[in-house]
Amino acid sequence: MIDLGRNYMCGITGYTGINQAGPILLEGLRRLEYRGYDSAGIAIQSESKKDEAGENGGDNTSCTLKMLKATGKVSHLADKFEAEPDFKGVCGIGHTRWATHGVPSDTNAHPHLSADGKFAVVHNGIIENFADIRAELQKYGIEFKSETDTEVIVQLLAYNYKGNFKKALMKTIARLTGSYAIGVISDEHPGTIFAAKQASPLIIGIGIGENYFASDITALVSNTKNVIDLDDGEVAEITPDEVKVFDHTGKEIDKEIRHINWDIASAEKSGYEHFMMKEIMEQPHALKATIEPRVKDETIVFDEIKGLDMKKFNRVHITACGSAYHAGCVGRAIIESLCKIQVEAEVASELRYRDPVMDEKTLVIVISQSGETADTIAAMKECKYKGATVLAIVNVVGSSIAKLADYCIYTWAGPEIAVATTKGYTTQVALLAMFAVWAAGELKTISHGAYTSMVIDIMHLPERAQRALDLNTKVKKMADKYYDNQSLFFIGRNMDYAVALEGSLKLKEISYLHSEAYAAGELKHGTIALIEPGRLVVALCCYEKLFEKTVSNIQQVKARGAEVLAVAHEGNRSIFQEADDVLLVPQTDPLLVPVIEIIPLQLFAYYVAKKNGCDIDKPKNLAKSVTVE
Ligand code: F6R
């Protein structure tokens, strides 16, 4: 599996120099707000005091670590800072947190302090073996305050510390598995920050008499444009006058200083023009974050739903809105196929008023990126009232839906800023597929061979998503050719139809072109009357069992003058005889096709909208979180 890391959650920053760190850290955190977060915090080394014993690795002064944290906006943190005139110091670290382990709260917000108060840490990433380390340290009597995976880093560091900061940190990170970008300060080493990185981003900013670190250039760009990119396994010792970088053995290495010339707006989007494109490109990372922590030895493990007894249910009802509903349509097909249980999928705005027949033998799956969609919340309340068990698939940790559900599985896609969902949708589908395989294992409706083969295919999704992105460099050309079609159709059968629904929605919501998704076989029952010369039909042809059937629908629309843009698997030669243009995606298990097949359609929608001059990240009339009915 490719190593992509989880690099979009949380933001970290640090400063050491001659100026007050507080305002610089807060400014850095404001610049990182775009990444999405639910709480924030800073820690500084306040006023140095004389270290009489002189035991501190060469330093003869020490200081006290002070922290400020706030749930919610960085502006709340700034208010707290303003109210604390004594919060002064010239070296510190800061963090914006997007909750993954533990709800958003002041206690779970970073920085985290070691129990002895000697070290403070900020961390971006996931420590996968945190439970083992935590249990081990608890045996030594170390008390933990938060529910986070991060706290183990700082407690282990304090445990390993015998006077040499660097040695203790190297020993600590050698124990960690997962991903991290961390910044650490100590009360015994004034002016020094240590930073380390593994599969999460971290750059060091070089100033004059002051140095910085941050998750990305955005937090630094107003202070310096000279940066060092820390690589995986490296550790940096940052002081006001010097930055030393060490490899994983502790040997000092030379690093190049890179000059950047991005402005703040392009830095926020990692150089992309729009958040939507950034998020489309992040999908391999997001899928990896969703999938990888839940696969152990080719077995799907959902720690979150321990106690959910699938044998209790005689049917499953999926409900959601918009793209999340489209993910649910895919989920219905996968769960039905693997679990041999009756599954329905329905939009939440209908279900909530329909007086549905359900009881305690019904499992309701609600899907929501934001976890705050009003219709979805109302529908889930109705289902709970009828006795159903509710399992939520949600991206935003601690959101209303996550709290109201009986069980919740997080997609861990990272914050989604563009209004049109992309990585939110693909991670929902991936999670539904994982749930279906897990449930089929519980119900014994899947053979060992089929189970393993599905798990392997699921694990390959991140690299196949990357391949789908790499293969589709010519989508822009297609958009240039077709952008002025005022009305078009997306057609497909089975899984392809589910993807057609989402591809069509993506296009209409950001480009404002009229578009409809049709089950390919249904077209001839009326809608074919609208096919005329020049009309664009996007034909989804990845569900190979029904490929020949879809081809006959392509021929029917072509006979009436339509132009056809097909999406098909690499290696499918015959599609080139049928369609005017073809976009290719890599092969995968037929049940997983939607995760990959949607990618060229997201790109198509993006480029068509761009060509039409639309406001891609904030389409008119739409909101990211639909909290009204
Ligand atoms: C489309 C889109 C919407 C959402 C829908 C549900 O790109 O983003 O259709 O999918 O409003 O939102 P969540 O998933 O937050 O419940």
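Here the structure is a predicted model, which means the values were calculated and not measured. (Residues numbered from 1 in each chain as written. Predicted model: local features only at pLDDT ≥ 70, side-chain atom pairs only at ≥ 80, totals over all residues. Heavy atoms only, no water.)

Novice: Kindly report on the overall build of the protein, identifying the contributing residues and their values.
Specialist: Scanning the protein from terminus to terminus reveals 20 helices and 27 strands. Burial status across the protein gives 61% buried among its 629 residues. Counted over contacts in the protein with a minimum sequence separation of 6, partners at least 24 positions apart contribute 73%. Surface summary for the protein: the accessible area is close to 23,900 Å², and the carbon and sulfur share equals 49%. (Helix = DSSP H or I, 4+ residues; strand = E, 2+ residues; numbered from the N terminus. Buried < 20%, exposed > 50% of the residue type's maximum accessible area, 1.4 Å probe, protein only. Contact = heavy atoms within 4.5 Å. Areas by Shrake-Rupley, 256 points an atom, 1.4 Å probe, with all protein chains shown as cover.)

Novice: A description of the packing of helix α13 (residues 423-443) against helix α14 (residues 448-459) should follow, citing residues and the corresponding values.
Specialist: Viewed as axis vectors pointing N to C, α13 and α14 meet at an angle of 160°, and their least axial separation amounts to 11 Å. Judged on the interaxial angle alone, α14 and α13 are roughly antiparallel. Along this stretch, α13 crosses α14, giving a crossing that reads as left-handed. Contacts between α13 and α14 involve A433, M434, V437 and G441 on the former and, on the latter, Y451, M454, V455 and I458. For the contact of α13 with α14, the class distribution of residues is seven nonpolar, one polar and no charged. (Axes fitted to C-alpha atoms, helices over the stretch in contact; angles between N-to-C directions. Parallel < 35°, antiparallel > 145°, perpendicular 65-115°, else oblique. Left-handed = near helix turned anticlockwise from the far one by under 90°. Nonpolar A, V, L, I, M, F, W, Y, C, P; charged D, E, K, R; others polar.)

Novice: Please give an account of empty space enclosed by the protein that cites residues and values.
Specialist: Under the defined criterion, the tally for this structure stands at three cavities of 30 Å³ or more. Put simply, the largest cavity is a space of about 80 Å³. When its residues are assigned to classes, the lining of the largest cavity shows two nonpolar, seven polar and two charged. (1 Å grid on protein atoms, 1.4 Å probe; cavity = no way out; pocket = protein on both sides within 12 Å on 5 of 7 lines; lining within 4 Å. Points joined across faces, edges and corners; volume = space filled by probe spheres on them.)

Novice: Any chance you could break down the packing of aromatic side chains for me, citing the residues and the numbers?
Specialist: In this structure the tally under the stated criterion is ten aromatic pairs. Aromatic side chains Y140 and Y159 sit 5.0 Å apart centroid to centroid with 5° between the ring planes, which places their arrangement in the stacked category. A residue pair is termed long-range when its members are at least 10 positions apart, and Y140 in the loop between α3 (130-139) and α4 (151-160) and Y159 in helix α4 qualify at 19 residues. In this structure Y140 comes out as partly exposed when scored by relative accessible area, which is 47%. Both rings, one in F165 and one in F194, keep their centres 4.6 Å apart while their planes meet at 65°; by these two values the pair is edge-to-face. Of the two residues, F165 sits in helix α5 (residues 165-175) while F194 sits in strand β8 (residues 193-198), which places them 29 residues apart along the sequence. Of the two residues examined, F165 and F194, each falls in the buried class. Here the basic side chain of K162 rests over the ring of Y159, its NZ or CZ set 5.8 Å away from the ring centre. The lysine or arginine in question, K611, covers the ring of Y483, its NZ or CZ lying 5.2 Å from the ring centre. (Phe/Tyr/Trp six-rings, centres within 6.5 Å; stacked < 30°, edge-to-face > 60°. Lys NZ or Arg CZ within 6 Å of the ring centre and 35° of its normal.)

Novice: Summarise the sheet that holds strand β5 (residues 112-113); cite the residues concerned and give the values.
Specialist: With antiparallel pairing, seven strands are arranged side by side in an open sheet as β5-β6-β7-β8-β12-β13-β14. Every other strand in the sheet has two partners, leaving β5 and β14 (252-253) as the edge strands with one partner each. Bridging between strand β6 (residues 119-124) and strand β7 (residues 180-186) involves six bridges; their strand directions are antiparallel. The residue bridging N124 from the neighbouring strand is A181, located in β7. Contacts from α4 reach β5, β6 and β7 within the one sheet, and its direction differs from that of β6 by about 145°. The strands touched by α5 within the sheet are β6, β7, β8, β12 (235-238) and β13 (243-246), with β7 carrying the most contacts at an inclination of about 150°. (Pairing = 2+ DSSP bridges.)

Novice: Could you give an account of the site of the ligand, with specific residues and numbers?
Specialist: Neighbouring the ligand are 15 residues; S368, Q369, S370, T373 and E509 lie closest to it. Between the ligand and Q369, the relevant distance is 2.7 Å, taken from an oxygen atom to a main-chain nitrogen or oxygen of the residue. Between V419 and the ligand, the recorded distance is 3.5 Å, taken from a backbone N or O atom to an oxygen atom. Coverage of the ligand by the protein chains reaches 88% of its 410 Å² of free accessible surface. In the shell around the ligand, the residues fall into six nonpolar, seven polar and two charged. (Near = heavy atom within 4 Å. Polar contact = N/O pair within 3.5 Å; in protein donor to acceptor, adjacent residues only side chain to side chain.)

Novice: Can you explain the domain arrangement of the protein? Please cite residues and give values.
Specialist: Along its sequence, the protein is carved into domain 1 (12-258), domain 2 (307-459) and domain 3 (463-624). On the side of domain 3, 23 residues touch domain 2, which itself brings 25 residues to the contact. The contact between domain 2 and domain 3 buries some 2,000 Å² in all, and 67% of this surface belongs to carbon and sulfur atoms. The largest contributions to the domain 2 side of the interface with domain 3 come from H326, V419 and D457, which together make up 30% of the buried area. Linking domain 2 to domain 3 there are one salt bridge. Looking at which element gives the most residues to the side of domain 2 that touches domain 3, the answer is helix α9 (residues 322-339), with nine residues. Per-class residue counts for the side of domain 2 that touches domain 3 are 15 nonpolar, eight polar and two charged. (Domains from an automatic or database assignment. Buried area = accessible area lost by both parts, 1.4 Å probe. Salt bridge = Lys/Arg side-chain N within 4 Å of Asp/Glu carboxyl O.)

Novice: So what's going on with the confidence of the model for the protein? Residues and values would help.
Specialist: Low-pLDDT stretches of the model should not have their predicted coordinates read in fine detail. Across the protein, pLDDT averages 92, with 96% of residues at or above 70. Confidence drops under pLDDT 50 across residues 1-8; counting only partners more than four residues distant or on other chains, this segment forms 41 contacts. Taken as a whole, residues 51-60 scores under 50 in pLDDT and shows 14 contacts with residues more than four places along the chain or in a different chain. (pLDDT = per-residue confidence, 0-100.)

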